[in-house]
Amino acid sequence: MDDLDLDEKTRLDTTIAWLKNNGPDDWHRAALDFNWNAPLYLLDWIVRQPDCDIATALTIFWKGEPEFFLEEEGSKERKPNGFSYLNRKICAGIAQRVATGAYTRSQIAFTPDTWTKKAFVDLAAAAKDLSNPNIHVVPDLIRKRRGRNVEADAAFYRRYPEDFHHSVLIDLPGDTPRSLALMEKVARVEETVRRKLPFWLRRR
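Now for a look at the structure at hand. (Residues numbered from 1 in each chain as written. Predicted model: local features only at pLDDT ≥ 70, side-chain atom pairs only at ≥ 80, totals over all residues. Heavy atoms only, no water.)

Helices and strands together make up the secondary structure of the chain, namely nine helices and zero strands. In the chain, the succession of α and β elements from N to C terminus is α-α-α-α-α-α-α-α-α. Out of the 204 residues belonging to the chain, those deemed buried represent 40%. Across the chain, the fraction of contacts at a sequence separation of at least 24, relative to all contacts at a separation of at least 6, is 81%. (Helix = DSSP H or I, 4+ residues; strand = E, 2+ residues; numbered from the N terminus. Buried < 20%, exposed > 50% of the residue type's maximum accessible area, 1.4 Å probe, protein only. Contact = heavy atoms within 4.5 Å.)

This is the structure in structure tokens:
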């Protein structure tokens, strides 16, 4: 954590202390709130907790865009930092724990969308080209998980100290003809992508 200044370290410590007192559901909400332009030490703490829900770990894994950090195991030396270096470690660590069944808590729902499924297909294909990939790409990384729907909602933001926020809860404007047309276009593109997925992923 040498890349953090004193104020950042203090903020991280107090945020972790709050999360310790509030449990895995709020860890999930904090992960949903997180801005990935910030140092990733808070996410690293969350995914290494024994009680971290597998849905939380999977959410962080796919938000971390693991395809950009896939490489041969131990292929390069890098200076530790809270950004790309830690992102690489977080993604590899989550994949390893998922592959070994280390995440035993599964109470939160995880439903991968079409884009996440496509990212899995691309990640798996790229991993096959490596002799010893640093990320273990297994089907459990994309498997749907049943459970409660846990969101970073208004009730959470009323409890979560404002100083800890990485993003802001925003009320979006209502639907407009332009926004509805854009959503229809996105839906058509998504359906095209979905049709190209392997059959076992289209059924999930």
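Examined against the element boundaries, Asp25 turns out to sit in helix 2 (residues 24–33). Among the residues examined, Asp25 registers a relative accessible area of 18% and is labelled buried. Leaving out residues up to four positions away in the same chain, Asp25 has contacts with Arg105, Ile108, Arg148 and Val150.

Another point: the nonpolar core. Leu19, Ile46, Phe61, Trp62 and Ile94 are the most contacted members of the largest nonpolar core, which has 49 residues in total. Apart from residues no more than four positions distant in its own chain, Ile46 is found in contact with Leu19, Trp27, Cys52, Thr56 and Ile60. (Core = buried A, V, L, I, M, F, W, Y, C linked by side-chain atoms within 4.5 Å.)

This part takes up helix 4 (residues 54–63). When you tally the buried positions in helix 4, you get nine out of ten residues, the bulk of the element. Residues of helix 4 that are buried: Ile54, Ala55, Thr56, Ala57, Leu58, Thr59, Ile60, Phe61 and Trp62. Those residues of helix 4 hidden inside the fold are in contact with helix 2, helix 3 (41–47), helix 5 (84–99) and helix 6 (114–128). The N-terminus of helix 4 is capped by Asp53, whose side-chain oxygen sits 2.9 Å from the backbone nitrogen of Ala55. Of the residues one or two after helix 4, Glu65 is the one with positive phi, at around 50°. (Polar contact = N/O pair within 3.5 Å; in protein donor to acceptor, adjacent residues only side chain to side chain.)

Time to look at a negative patch on the surface. Together, Asp2, Asp3, Asp5, Asp7 and Glu8 line one region of the surface with negative charge. The topology assignment puts Glu8 in helix 1 (residues 6–20). (Patch = residues over 30% accessible without salt bridge, like charges linked within 9 Å, V, L, I, M, F, W, Y side chains within 5 Å. Areas by Shrake-Rupley, 256 points an atom, 1.4 Å probe, with all protein chains shown as cover. Salt bridge = Lys/Arg side-chain N within 4 Å of Asp/Glu carboxyl O. Lys, Arg positive; Asp, Glu negative; His and termini not counted. Charge placed at Lys NZ, Arg CZ, Asp CG, Glu CD.)

This brings us to unusual backbone geometry. Within the chain, Glu65 stands out as a residue other than glycine whose phi angle is a positive 50°. For Glu65, a relative accessible area of 43% translates into the label partly exposed.

Here we come to the pattern of salt bridges. With the rule as written, the count across this model stands at nine salt bridges. A salt bridge links Arg48 to Asp44; the nearest nitrogen and oxygen atoms lie 3.1 Å apart. Given the relative accessible area of 16%, Asp44 is considered buried. For the salt bridge of Asp53 with Arg105, the shortest nitrogen-to-oxygen distance reads 2.9 Å. Of the two residues, Asp53 is situated in the loop between helix 3 and helix 4 and Arg105 in the loop between helix 5 and helix 6; the sequence distance between them amounts to 52 residues. One salt-bridge network, held together by shared partners, links Asp25, Asp53, Arg105 and Arg148.

Bringing the packing of helix 1 against helix 2 into the picture now. Remark: helix 1 packs on helix 2, axes separated minimally by 8 Å, with the N-to-C direction vectors making an angle of 140°. Judged by the angle between their axes, helix 1 and helix 2 are oblique. Residues Trp18, Leu19 and Lys20 of helix 1 touch helix 2, and the partners they reach there are Asp26, Trp27 and Ala30. Here the residues of the contact of helix 1 with helix 2 sort into four nonpolar, no polar and two charged. (Axes fitted to C-alpha atoms, helices over the stretch in contact; angles between N-to-C directions. Parallel < 35°, antiparallel > 145°, perpendicular 65-115°, else oblique. Nonpolar A, V, L, I, M, F, W, Y, C, P; charged D, E, K, R; others polar.)

Once that is clear, we can look at helix 1. In a regular helix each residue adds 1.5 Å, so 15 residues correspond to 21 Å; helix 1 covers 21 Å between its end C-alpha atoms and thus fits that length. Leu12, Thr15, Ile16, Trp18 and Leu19 are the residues of helix 1 that are buried. For helix 1, the angular spread of the buried residues around the axis is 160°, confining them to a single face. Every exposed residue of helix 1 that faces more than 90 degrees away from the buried side is listed here: Leu6, Asp7, Asp13 and Lys20. With a side-chain oxygen positioned 3.2 Å from the backbone nitrogen of Asp7, the residue opening helix 1 is Asp5. (Expected span 1.5 Å × (residues − 1). Arc of directions from axis to C-beta.)

What follows covers the side chain of Thr59. With respect to the helices, strands and loops of the structure, Thr59 is situated in helix 4. Among all residues touching Thr59, those that are not within four sequence positions of it are His28, Leu32 and Phe110.

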